Amino acid sequence: MNFIRNSTSKLPSRVLDPRNALFLGSTHSFNPPCYEHELFCKGKAFLLNSNKNSQFHAYPSRFQRLINNAQKSNCVPSTAFAQPMAISMPYGLSVDATVASKVRHLSTSVETNINDSTFERIHIQNSISVKPKNLAGEETPLDEDGHNVKNTGKGLEEGKGGVSIDSDIEKEAWKLLRDAVVTYCGYPVGTVAANDPCDKLPLNYDQVFIRDFVPSALAFLLKGEGEIVKNFLLHTLQLQSWEKTVDCYSPGQGLMPASFKVRTVPIDDNKFEEVLDPDFGEAAIGRVAPVDSGLWWIILLRAYGKITGDYSLQERVDVQTGMKLILNLCLADGFDMFPSLLVTDGSCMIDRRMGIHGHPLEIQALFYAALRSSREMLTNEGSNNLVRAINNRLNALSFHIREYYWVDMKKINEIYRYKTEEYSMDATNKFNIYPEQIPSWLMDWIPEEGGYLIGNLQPAHMDFRFFTLGNLWSIVSSLGTPRQNEAILNLIEYKWNDIVGHMPLKICYPAIENEEWRIITGCDPKNTPWSYHNGGSWPTLLWQFTLACIKMGRLELAHKAIALAEKRLSREHWPEYYDTRSGKFIGKQSRLYQTWTIAGFLTSKMMAKNPEMASLLFWEEDFELLEICVCALSKSSRVRCSRGAAKSQILV
C-alpha cells in the first residue's frame, strides 16, 4: 500500500497523520490496537487524502503571520522561501513511515554558528548525501528504528544514562513513546499529548504540551538521549517572544505557551513549509494563561544540565534572557500581601474550573522549585539584583507555606479553637479562618502520624483538599520541612486505599459532590465526582511520587505503586486517567495511549532502578536560605517580624 514516488523534489520532512484535517508533526510507524473495538485505521485509511482543498480550507488567516515569522525561526532562512530546496509534497503520496524517517535524516543537517547567541539555524540541504548532524554540528548516527533522538549532551559519560529494559511492558512503552515523537524540520522537538489511532476528534491532544512533555523528557534523558530535550527547550524558548493576544490585550513578556503544534503550510506549487503554531491560552478552553508552563520549562532546563552534564545550554545568552523574562513576570510587584503567586482557576495541570483560584499549592510548589533552579543557573553578569530578589522570595515563600498551609491533628485542633475577628499585629488567626470551615470528613480522616499541605489559602478561606502534585513537589523541592515531608508520605501510606487505591494516584482527595460540585465547577460534565480533575486517578503522577519516595528513603512505597500500575496500564492501553473512588475504572472521557502516562511509567521504572541518578532531580534543605529575613533589613518601626514563634517549627 505504501510507495515512494520517483521525483526530483525532496521527500517531506515527516509523514503526516491522516486522521486529522490539519497536518501533525509526528511519525507513526506503529499502530497500537484500539481498546474495546477493532482497529479501523488500516489499508486505505492510511493513504493521504488527495483532495487539496480538504487539507487547507480550515486554516486560519493568521498563518500569513506564521509564514512571515517563520523567516525569523530556526527552520529555514528567509532566502529559502520559494526556493527549489523547500520541502515539496505531491498530493496523494503515501510513504512508509520507517523509510521516510531514514530518508528524512539523510536529507537534513544542522548548521550552527558557535559564536552566535541566537538559536541554531536549521535548514534543508540540497544534497541528499549529507549526513545527519545534531545541534552541536556533530554527526549523529541513526538508531535501529530510524529515530534521530540520540544524546548530544557534552557531559554525558558513556553508559551514564543507560538503564536496562527487562520487561515486555517497558519495551512496548518505549515503542509507543518513540511513536509519539514530533519532528520539526526533521529533528525531534517533543511528544504529542496522546497518540490514539482511533481518536477521530483529537482536539488539542495532538499538540506538544510543555507540562506533558516533562516526563517524556526525563525518560529520554535517563536513557541517554538528550537531543530531543535540547531541541524542545530551544524551540519553546523561541516561541516565548511570539505575539500573544486575546481580545486586543496582550499578557506580560515571559509567558511560555501551554502547547504548540507543527503545521505544514503551502508556500508554492506543491511545496510546503513547517511552522510552529503555539497556544498561549487564546485557544484553550476558558482562555486561561498557562502559569505553570514557564515554571516547568525552568525545572526541565536544570534537569537537562544535571543529567547530561551539558551546562553550556543554560549559559547561553538567549536562554539566560528567557529565564529572566519568566522570573520577572513571576516576581513582579502587585497588590498581593503574600509571597505566594496569585493565579486564576485552571492555570496549571487542573486546567478547568475546580475552585483552585487564588494561591493553589501546586503553583507555589512549582514556583519554589523554579526559583531554586534559577538561582543555580543564573550567571553573574547583571543578575545580582535578581538573585537577591529570588533569595528573599524563597525565604518568604517557604515560611508562608510551612506555617500557614500545614495541617496535622495538632494544627486542626488549633484551628478548631480559633478566635475570629482579631484586629492586631499579633493575631493568631491571621487569615480570619472560621472553625466551621473544617469539613466533617477531615476530622476522622487525618491520621495521628501524618499531615499534609492544604490546597489553597486566602482570607477567610482554607481549601482542606489533599492535592497530590503540590504535596509531592513540596517534598521534591524541600518547600516543606523534613518532618513535614516525612509526614506527607506517612499520610499517603496510611490512606493508601484513598489516595492510591487500584491505580496511583488521586489528583486530589476527596471529590466535591452534590451542591458543592454544582457551585464550584459550574456543573462541569467532565469533572463529575471521582472523575478527571475531581478526584480522578492519574498514572502520570507516579514518576513524581517515585522521586519523592527516593528523596525520603521510602523506595518501598514507590515499588508498591509501580507494581499496581504495571498490572493494568499496558493491558488497558495506557489511559489518561481513571474514575471512581478507588480508581477501578478507565475514565469515561479518558484518552488512550496517553503519552505522559507512558513516559511517567518509564521514568518511574528507571528512577527506581537508578536512585543515584534520580537524586540529581531533587533539592535538599537549604538552612542558610531559611535564616534570611527581609524584616531585619528594614529600619521602619512598623515592620514587625512574626517568625519568632514559628521558627522552631519551620526550621526542622
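Residues numbered from 1 in each chain as written. Predicted model: local features only at pLDDT ≥ 70, side-chain atom pairs only at ≥ 80, totals over all residues. Heavy atoms only, no water.

Looking up the protein chain in an unreviewed UniProt entry gives the name Alkaline/neutral invertase, with the organism given as Hibiscus syriacus. Turning to the protein chain, the UniProt annotation filed under Function (unreviewed entry) states: "Invertase that cleaves sucrose into glucose and fructose." (UniProt positions renumbered as here; feature names shortened; annotations may be inferred.)

A. How the structure looks around the sheet that holds strand β10 (residues 461–467). An order of β8-β9-β10-β11 is seen for the 4 strands of this open sheet, with the pairing classed as antiparallel. Of all strands in the sheet, those bounded by a partner on one side alone are β8 (406–408) and β11 (508–509). As paired strands, β10 and β11 are joined by 2 bridges and run antiparallel to one another. Within β11, the position partnered with Phe467 by the bridge is Cys508. Relative to β10, helix α14 (residues 468–476) is tilted by about 80°, and along the sheet it contacts β9 (451–458) and β10. (Pairing = 2+ DSSP bridges. Helix = DSSP H or I, 4+ residues; strand = E, 2+ residues; numbered from the N terminus. Contact = heavy atoms within 4.5 Å. Axes fitted to C-alpha atoms, helices over the stretch in contact; angles between N-to-C directions.)

B. Structural context of the sheet that holds strand β6 (residues 259–268). The strand order β5-β6-β7 describes an open sheet built from 3 strands, whose pairing is antiparallel. Lying at the two open borders of the sheet, with one neighbouring strand each, are β5 (208–209) and β7 (271–279). Where β5 meets β6, 2 bridges bridge the pair, whose relative direction is antiparallel. The residue bridging Phe209 from the neighbouring strand is Ser259, located in β6.

C. Inspection of the packing of α14 against helix α18 (residues 542–551) at higher detail. Across the interface, α14 lies against α18 with an axial gap of 9 Å and an inter-helix angle of 35°. Between α14 and α18 the crossing geometry is left-handed. On α18, the residues that touch Leu469, Leu472, Trp473, Ile475 and Val476 of α14 are Trp543, Gln544, Phe545, Leu547, Ala548 and Lys551. (Left-handed = near helix turned anticlockwise from the far one by under 90°.)

D. Highlighting the pairing of strand β3 (residues 181–184). Every second residue of β3 is oriented toward a common face, with Val181 and Thr183 on one face and Val182 and Tyr184 on the other, all of them buried. In this sheet, strand β4 (residues 187–191) lies alongside β3 in antiparallel orientation, the contact comprising 4 bridges. Bridged to Val181 within β4 is Thr191. With antiparallel pairing between neighbouring strands as the criterion, β3 and β4 make up a hairpin whose turn holds 2 residues, including Cys185 at a positive phi of roughly 55°. (Buried < 20%, exposed > 50% of the residue type's maximum accessible area, 1.4 Å probe, protein only.)

E. Seen up close, the pattern of salt bridges. Counted according to the given criterion, the structure contains 20 salt bridges. The partner of Asp524 in a salt bridge is Arg352, and the shortest N-O contact between them spans 2.9 Å. Taken together, the positions of Asp524 in the loop between α17 (514–521) and α18 and Arg352 in the loop between α9 (317–331) and α10 (361–377) put the pair 172 residues apart, joining distant regions of the chain. Across the pair, Arg352 and Asp524 agree in class, each one buried. A salt bridge links Arg375 to Asp622; its shortest N-O distance comes to 2.6 Å. One end of the pair, Arg375, is in helix α10; the other, Asp622, is in the loop between α21 (611–614) and α22 (623–626), with 247 residues separating them in the sequence. (Salt bridge = Lys/Arg side-chain N within 4 Å of Asp/Glu carboxyl O.)

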